[in-house]
Amino acid sequence: MWYQTKASEILGIQYPILQGPFGGNLSSVELVSIVSNAGGLGGYGAYTLSPEEIIQVDEQIKASTNKPYNINLWVSDTDTVDGTVSDEQFKKAEGLFKPYFDELGIALPEKPAPFKSRFENQVEVLLDLKPPVLSFMFGVPSTDILEECRKQGIVSIGAATTLDEAIALEAAGVDLIIASGFEAGGHRPSFLRSAESSTTGTFVLLQLIKEKVKTPIIAAGGIANGKGVAAAMMLGADAAQIGTAFLATDESNATAKHKEMLFSDAAKYTTLSRAFTGRLGRGIISRIAKDLIHQEKVFLPFPLQTQYMSHLRKAAIEQEKWDMILFWGGQIAPLLKHKKAGDLMKSILEETTSYF
């Protein structure tokens, strides 16, 4: 059967279908449990959570499913030097974004407070909690962390946007590797070279990695239905990760407007931009992303840009200025059909089966 793969065996799941773990408060316990209970692997993005919040979420997931699930962290969660930027750099960014704050009639925010990396504290608490699966983006965890995962029986998954990144992850000994194509919504998790120079499509990346790497591969990016899953498996994937299609379901924690946008004509037009967070990510084209092409050097580094833009985002939502907001989404969004996660999962499994 198509679903009896090395990945489903390693993960202890019936079907090698992973729900993308969304960061920034877009994940929900309900969505994780629906996917896991249906035989796939639900995922929760925890990179913005404090250790206490991670404990709480993990308890809620364990209470809602007895099946495997995935918690996701970012190995590198800041691009700042010493957690901050110079006053001169901040003034330049302030000047660039001032017209948008003026348009919304709100004051310019203060310079964000210095950011302290949370990764070490987050991973420490997760190694204690022992989730069945721990996935990582933006880098390779230390040998100690991966060794501890092995000792605790936690499956480790790393994300690669290039062949070189996949080779680095295999050398570190991760259990599974995500081939993250540039079609995918959300942040590009590149870590060896700039995200802008790491934009290979999913099905090309999958084949390149398959040729050089023995670790089982999970295809991600541009997959929203059984046809996409079947194509990925035919090209050598052991599993498929689906993000945007699950993000658009009623059970995700995205706002009603975000879901509406993913099902609208606007979803035909996505772009990669650093304007909203300081890191390159794909979402539905917005006026700010269009206006500020080639201004990347003036943006604040991640996550200070996120903190700064959160003030603008809040006011834009209140005033319904939707063209000033980034709605995360992948290039496959125009094919979305299902608003219920259970229906989506059922449809993916039935359609994939029909191809084998």
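Preceding block: the structure.
Being a predicted model, the structure only gives us computed values, none of them experimental.

Caption draft 1: Structural context of the pairing of strand S3 (residues 69-74). Extensive coverage of S3 is indicated by the burial of six of its six residues. Neither face of S3 is left uncovered, since the one carrying Tyr69, Ile71 and Leu73 and the one carrying Asn70, Asn72 and Trp74 both have all their residues buried. Considered for its hand, the β-α-β crossover made up of strand S2 (residues 42-45), helix H3 (residues 51-64) and S3 is right-handed. Bridging between S3 and strand S4 (residues 133-137) involves five bridges; their strand directions are parallel. When the sheet's bridge partners are listed, Asn72 is paired in S4 with Ser135.

Caption draft 2: Main features of the environment of Gly236. With respect to the helices and strands, Gly236 occurs in the loop between helix H9 (226-234) and strand S9 (239-242). Through-space distance from the C-alpha of Gly236 to that of Gln207 is 7.1 Å; in sequence the pair is 29 residues apart. Once residues lying within four places of it in the same chain are set aside, the contact partners of Gly236 are Leu206 and Lys210.

Caption draft 3: A look at the packing of H9 against helix H14 (residues 341-354). Their axes nearest at 7 Å, the elements H9 and H14 cross at an angle of 50°. The angle between H9 and H14 falls in the class oblique. Seen from above, H9 lies across H14 with right-handed handedness. For the pair H9 and H14, the contacting residues are Gly226, Lys227, Val229 and Ala230 in the first and Ile348, Glu351 and Thr352 in the second. Its residues placed into classes, the contact of H9 with H14 shows three nonpolar, two polar and two charged.

Caption draft 4: The arrangement of the environment of Phe90 in detail. By the secondary structure assignment, Phe90 is in helix H4 (residues 87-104). When its relative accessible area of 6% is taken as the criterion, Phe90 is described as buried. For the pair Phe90 and Ala245, spaced 155 residues apart in sequence, the C-alpha to C-alpha distance is 37 Å.

The rules behind the values
- Starting afresh in each chain, residues are numbered from 1 along the sequence in its written order.
- The predicted nature of this model means local features are confined to residues of pLDDT at least 70 and side-chain atom pairs, given and counted, to a pLDDT of 80 or more, with totals for whole chains, interfaces and linings taken over all residues.
- The side-chain numbers reported here are obtained from all heavy atoms of the structure, hydrogens and water having been left aside.
- Exposure is judged per residue with a 1.4 Å probe applied to protein chains only, and the accessible area is read against the type maximum: over 50% gives exposed, under 20% gives buried, and values in between give partly exposed.
- Secondary structure elements are taken from DSSP: a helix is a run of H or I of four residues or more, a strand is a run of E of two residues or more, and numbering for both begins at the N terminus.
- Place the viewer so that the strands point away; then a crossover is right-handed whenever the path from the first strand over the helix to the second strand goes clockwise.
- Whether two strands pair depends on DSSP finding at least two bridges between them.
- Contacts are assigned to residue pairs that have any heavy atoms within 4.5 Å of one another.
- Lines fitted to the C-alpha atoms define the axes, with helices restricted to the stretch that makes contact. Angles between their N-to-C directions range from 0 to 180 degrees.
- Any angle between 65 and 115 degrees counts as roughly perpendicular, while under 35 counts as roughly parallel, over 145 as roughly antiparallel, and the rest as oblique.
- It is the rotation of the near helix from the far one that decides the hand of a crossing: anticlockwise by less than a right angle makes it left-handed, clockwise makes it right-handed.
- Residues are grouped as follows: Ala, Val, Leu, Ile, Met, Phe, Trp, Tyr, Cys and Pro are nonpolar; Asp, Glu, Lys and Arg are charged; all remaining types, including Gly, are polar.

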